[in-house]
Amino acid sequence: MNKYITVFAIFLFCIFGTTPSLAQDWSLEQCISYAWEHNINLQQQGLATEQYENSLFQSKMNFVPRVGINASYNMNWGWATLERIITDASGTYTISVQEQIATQNFSPSISASINLFEGLKKINTLRYNQSNLKAAEQDLELMRNNIALWVAQAYLQVLLSKEMLTVAENSCQNIENQLNRVKQLVAAGSRPHSEQLDMEAQLAAEEMQRVMAENKLTADYLTLRQHLNLQEQAEFEIALPVINIDDQGLGSNDVNSIYSAAQGLPQIKGAEFRMQSAKHNWNIARGNYWPTLSISAFFGSGYSNPYYDIHGSSVNFWDQLTNRRGHGIGFNLSIPILNNWSIHTNAKNARLNYHSAQLEVEKQQQTLLKEIQTAANEASASYNKYKAANRNVTASQESFRYVEQKFETGLLTATDYNVAKTNLLKAQSEEAQSKYQYVFQLKVLDLYKGLPIKL
């Protein structure tokens, strides 16, 4: 019985163990892994990479000699010249006669050939396909990085919307508590009815903000689901990680050090492999200037009907195949002299493509440096904005606490209370936005450093 339970447990793990269930809260790492597995563009790029693998395999097989078995069979009807042996009183002699007959010919053979030299084109083609495969693999990795960034941005946006919804709900609850208190004071005659109306208007405004926050969260969840290609309609929730913002990591965001570490990123390596591919293609084109030397060998036989030996006797099929065997070896040398200038033109174009690929490497490096500079600058700016927003929240909370105390003692009106509450809500909103913007910029920098994206 225990054996069956163990087997069933393993079966369930194989089905549900590798993919997070919709019933559980998904972490950022799980979302990224799921997106990688179900992204159609990534799957298509994987198939394209396999095609480059096939091309590389074929370039290796081009070093193997070509071997083939050939056979031909022909039937002809018409007049033919035949030799006949005549024996009469004067002796035995051979004559040629014209007869209308049907003839059959069968010629089996096996042949092999290989190019001994052709300007190193096979070796350069092998290197060309190797570089193309490596470039395709880098394209695949670049697409994975882009998907990871898209998912991370959508994931952090959901976290921001969740936090904003919590702030809106707490604000509504606070206003509702104050409204209930004001209603009691108005009923007792210690507060004017206008304050109740002001609080009710503020509660309506807070409710609208809460509804807008709910709609924003729903829209952000939809965006994240679309990035994951989630088709299920079941409930989908993400995990709520603890995000602590401090000075840690700011000192390590030096642009030069990040740029040095980023030289191994797929956009740079892919451009370098394409440059190597263009160089090998140039060598292939230049190989057409050289002569081509090949060697071939064959072995074959033949059968004809009618066919006679020297004695005039008909020879059967198997005897003909045995007696008419033949084999040989041959060399072929081809020297290009004039090809309408096409070889020279192709070589020049290949050289230009190589120089263009060199410039593309420099362009990608310049683009990468600009992206790192921008990301580092935005990370620093987001951090400074967050620290300022954090101080603003602290000051707004203290101010609101003071206003709330004054309002409860009747020294301030509901309008003063609502203004302080609105200022606090705005400060909390700016703090949350700057925090998640800073976290996202750190994830971008982590990607440039070659680190995995995780929270």
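Every chain's residues receive numbers from 1 upward, in the order its sequence appears when written. Where local features are concerned, this predicted model is filtered to residues with pLDDT of at least 70; where side-chain atom pairs are given and counted, the filter is 80 or more; whole-chain, interface and lining totals use all residues. Hydrogens are left out, water is left out, and the side-chain values use all remaining heavy atoms of the structure.

With that settled, the discussion passes to the overall build of the chain. Scanning the chain from N- to C-terminus turns up 10 helices and 7 strands. Think of it in three bands: residues with accessible area under 20% of the maximum for their type are buried, residues over 50% are exposed, and the middle band is partly exposed, with areas taken using a 1.4 Å probe on protein chains only. Taking all 455 residues of the chain together, 33% fall into the buried category. Each accessible area is a Shrake-Rupley estimate made with a 1.4 Å probe; only the visible protein chains count as cover when residues are assessed. Taken as a whole, the chain presents about 27,400 Å² of accessible surface, with 54% of it coming from carbon and sulfur. The secondary structure listing takes helices from DSSP runs of H or I that are at least 4 residues long and strands from runs of E that are at least 2 residues long, numbered from the N terminus.

What follows concerns the nonpolar core. Joining through side-chain atoms within 4.5 Å is the link that ties buried Ala, Val, Leu, Ile, Met, Phe, Trp, Tyr and Cys residues into a set, and such a set is a nonpolar core. By size, the foremost hydrophobic cluster in this structure holds 52 residues, and its most contacted members are Val151, Leu224, Leu228, Phe236, Ile238, Tyr448 and Ile453. Sorting the residues of this core by element identifies α2 (28–38), α4 (121–188), α5 (193–228), α9 (342–408) and α10 (414–448) as the ones contributing at least two each. Per-element tally for this core: the top contributor is α4, with 14 residues. Here, two residues are considered to be in contact whenever any of their heavy atoms come within 4.5 Å of each other. Setting aside residues up to four positions removed in sequence, valine 151 forms contacts with Leu28, Cys31, Ile32, Ala35, Leu224, His227 and Leu228. Residues Ile175, Leu179, Leu203 and Ala420 belong to the second largest nonpolar core, which totals 13 residues.

On to the packing of aromatic side chains. The geometry of an aromatic ring pair is captured by the separation of the ring centres together with the interplanar angle, meaning the angle of the planes. When two rings of Phe, Tyr or Trp (its six-membered ring) have centres within 6.5 Å they constitute a pair, described as stacked for plane angles under 30 degrees, edge-to-face for angles over 60, and tilted for the intermediate range. Counting across every chain of the model gives 8 aromatic pairs. Seen in terms of ring centroids, tryptophan 26 and phenylalanine 236 are 5.2 Å apart; in terms of plane orientation they differ by 85°. Their pairing is edge-to-face. Pair noted here: tryptophan 26 is in strand β1 (residues 25–26) and phenylalanine 236 is in the loop between α5 and β4 (237–238), with a separation of 210 residues, a long-range link. What makes tryptophan 26 buried here is its relative accessible area of 0%.

A helix is expected to reach a length of 1.5 Å times the quantity of its residues less one. Helix length check: α10, at 35 residues, gives a terminal C-alpha distance of 51 Å against a target of 51 Å (1.5 Å per residue), a fit within 8%. Among the 35 residues that make up α10, 25 are buried, leaving the element largely enclosed by the rest of the structure. Looking at the residues trailing α10, positive phi occurs at glycine 450, about 85°.

Take α2 next. Three- or four-residue spacings in an α-helix give side chains the same orientation, since the helix completes a turn every 3.6 residues. For α2, every residue scored as buried is listed here: Leu28, Cys31, Ile32, Tyr34 and Ala35. In an axial view of α2, the angular spread of the buried residues amounts to 165°, which keeps them on one side of the axis. For α2, the elements touching its buried residues are β1, α4 and α5. Think of the arc as the fan of directions from the helix axis to the C-beta atoms.

For leucine 120, which is not glycine, the phi torsion reads 60° and is therefore positive. Assignment of secondary structure puts leucine 120 in the loop between β3 (91–117) and α4. Phi angles above zero are rare outside glycine, and asparagine 340 is one such case at about 55°. You can see asparagine 340 is positioned in the loop between β7 (326–334) and α9. Residue asparagine 340 is classed as exposed on the basis of its relative accessible area, which comes to 73%.

On the surface, Phe63, Leu116, Phe117, Leu120, Ile123, Tyr289, Trp290, Ile329 and Phe331 cluster together into a nonpolar patch covering about 930 Å² of accessible area. Among the elements of the structure, β3 and β7 are those that each provide at least two residues to the nonpolar patch. Patch membership needs two things, relative accessible area over 30% and no salt bridge, and members are linked within 9 Å if like-charged or within 5 Å if nonpolar (Val, Leu, Ile, Met, Phe, Trp, Tyr). We define a salt bridge as a contact between a side-chain nitrogen of Lys or Arg and a carboxyl oxygen of Asp or Glu at a distance within 4 Å.

Okay, the pattern of salt bridges next. Summed over the entire model, instances satisfying the criterion amount to 11 salt bridges. One salt bridge in this structure joins arginine 274 and aspartate 139, with 2.1 Å as the shortest N-O distance. You can see arginine 274 sitting in helix α7 (residues 266–287) and its partner aspartate 139 sitting in helix α4, a full 135 residues away along the chain. The residue glutamate 163 makes a salt bridge to lysine 435 at a minimum N-O spacing of 3.0 Å. Of this pair, glutamate 163 sits in helix α4 while lysine 435 sits in helix α10; the two residues are 272 residues apart in sequence, bridging distant segments of the chain. Looking at lysine 435, the relative accessible area reads 13%, which means it is buried. What emerges from the salt-bridge pattern is a single network uniting Glu207, Arg210 and Glu214.

Another point: the environment of asparagine 62. Examined against the element boundaries, asparagine 62 turns out to sit in the loop between α3 (40–61) and β2 (66–88). Residue asparagine 62 is classed as partly exposed on the basis of its relative accessible area of 31%. The sequence separation of asparagine 62 and asparagine 115 amounts to 53 residues, and the corresponding C-alpha distance is 9.6 Å.

We now examine the packing of α4 against α5. Orientation is described by lines fitted to C-alpha atoms, with helices fitted over the stretch in contact, and by angles between N-to-C directions that extend from 0 to 180 degrees. Following both chains from N to C, one finds α4 and α5 inclined at 165°, their axes separated by 8 Å at the closest point. Regarding the angle of α4 to α5, the classification is roughly antiparallel. The chirality of how α4 crosses α5 is left-handed. Put simply, angles under 35 degrees are roughly parallel, angles over 145 are roughly antiparallel, angles from 65 to 115 are roughly perpendicular, and the rest are oblique. For a crossing to be left-handed, the near helix must be turned anticlockwise from the far one by less than a right angle; the clockwise case is right-handed.

So, about the confidence of the model for the chain. A score from 0 to 100, pLDDT tells how confident the predictor is in each residue. Across the chain, the average pLDDT comes to 85, with 87% of residues at or above 70. Every residue in residues 1–18 scores below 50 in pLDDT, and together they form 2 contacts with partners more than four places removed in sequence or on other chains.

Attention now goes to the environment of lysine 269. Along the chain, lysine 269 falls in helix α7. Classification of lysine 269 as partly exposed rests on a relative accessible area of 27%. For the pair formed by lysine 269 and glutamine 138, sequence separation is 131 residues and the distance between their alpha carbons is 6.7 Å. Discounting chain neighbours no more than four positions away, the residues touching lysine 269 are Gln138, Gln263 and Gly264.

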